[in-house]
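Here is what each chain is made of, one letter per residue.
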Amino acid sequence: MGQGCFSALWRRSTHPADPQPDKIKDAKIIFVVGGPGSGKGTQCEKVVAKYGYTHLSSGDLLRAEVASGSERGKQLQAIMQKGELVPLDTVLDMIKDAMIAKADVSKGFLIDGYPREVKQGEEFEKKIGAPALLLYVDAKSETMVKRLMKRGETSGRADDNEETIKKRLDLYYKATEPVITFYEGRGIVRKINSELAVDDVFAEVSKAIDGLK
Ligand SMILES: Nc1ncnc2c1ncn2[C@H]1C[C@H](O)[C@@H](COP(=O)(O)OP(=O)(O)O)O1
Ligand SMILES: [Mg+2]
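Residues numbered from 1 in each chain as written. Chains lettered and ligands numbered in written order. Predicted model: local features only at pLDDT ≥ 70, side-chain atom pairs only at ≥ 80, totals over all residues. Heavy atoms only, no water.

An unreviewed UniProt entry annotates the protein chain as Adenylate kinase isoenzyme 1 originating from Astyanax mexicanus. Per UniProt, the comment on the protein chain under Subunit (unreviewed entry) is "Monomer." Reading the Sequence similarities (unreviewed entry) entry of the UniProt record for the protein chain gives the comment "Belongs to the adenylate kinase family. AK1 subfamily." (UniProt positions renumbered as here; feature names shortened; annotations may be inferred.)

Have a look at this one:
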């Protein structure tokens, strides 16, 4: 998406009188939650191909915004360079803008990498809507480390190195696992065994999505 388009959406979606956000009010929303390297992105790609959902990865959105050189990207980069957390509202507004942009063509939305903590889930529901399903992509921490180290050989991602991987895993167990417990209370969590081969994992994912209709 060009940055001109993005900033236009940014202005529109934050205007209180604008009808645009209504377009996503009834959208089918799936949260995809799992540790780094558990296979979220891999499964989301397959869901896009089979079901026509739109895949929105919060990390990809942030990285794309930085790469675009836009004003918002520059602000994000400055925050990230200082080693500070990107504000919750910024990530959420980016997701919301991307959802509005795709509302007419999408069968539903896969929200990957968000919420990272319970508070983010609550804010999402206030500003956008409630998820119909939470796919809990579950792999052992040894498996995640192994996959990330391998991904790091080609991903070019600065965070795919042993030291950062440990930190990301710690944060995942501390902050993100409570998200799963929170939504278990609502009965929308489907646990997916991501230790299996990609296609076998996808068979479980498909069953969970088919169960939505
Ligand atoms: N079921 C599976 N079996 C083996 N490798 C897998 C796998 N699912 C994903 N991978 C590989 C692909 C990537 O190189 C790496 C991390 O996957 P990913 O989809 O990028 O994870 P995430 O988006 O959860 O961080 O592991
Ligand atoms: Mg990913």
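A. The arrangement of the pairing of strand β1 (residues 29-34) in detail. In terms of residue burial, β1 counts as a mostly covered element, since six of its six residues are buried. Every second residue of β1 is oriented toward a common face, with I29, F31 and V33 on one face and I30, V32 and G34 on the other, all of them buried. One ladder, built from four bridges, connects β1 with strand β3 (residues 109-112); its direction is parallel. Residue pairing in the sheet places I29 in a bridge with F109 of β3. As judged from the five bridges shared by β1 and strand β4 (residues 133-138), these two strands associate in the parallel manner. Bridged to I30 within β4 is L133. (Buried < 20%, exposed > 50% of the residue type's maximum accessible area, 1.4 Å probe, protein only. Helix = DSSP H or I, 4+ residues; strand = E, 2+ residues; numbered from the N terminus. Pairing = 2+ DSSP bridges.)

B. Highlighting the packing of helix α7 (residues 141-155) against helix α8 (residues 162-184). In contact at an axis separation of 11 Å, α7 and α8 are set at 140° when each is read in the N-to-C sense. By the angle between their directions, the pair α7 and α8 is classed as oblique. The hand of the α7/α8 crossing is right-handed. Residue-level inspection shows S141, M144, V145, L148, M149 and R151 of α7 in contact with α8, the latter providing E162, I165, R168, L169 and Y173. A per-class count over the contact of α7 with α8 returns seven nonpolar, one polar and three charged. (Axes fitted to C-alpha atoms, helices over the stretch in contact; angles between N-to-C directions. Parallel < 35°, antiparallel > 145°, perpendicular 65-115°, else oblique. Left-handed = near helix turned anticlockwise from the far one by under 90°. Contact = heavy atoms within 4.5 Å. Nonpolar A, V, L, I, M, F, W, Y, C, P; charged D, E, K, R; others polar.)

C. Structural context of the environment of D170. With respect to the element layout, D170 can be found in helix α8. In this structure the C-alpha to C-alpha distance between D170 and L133, which are 37 residues apart in sequence, comes to 25 Å.

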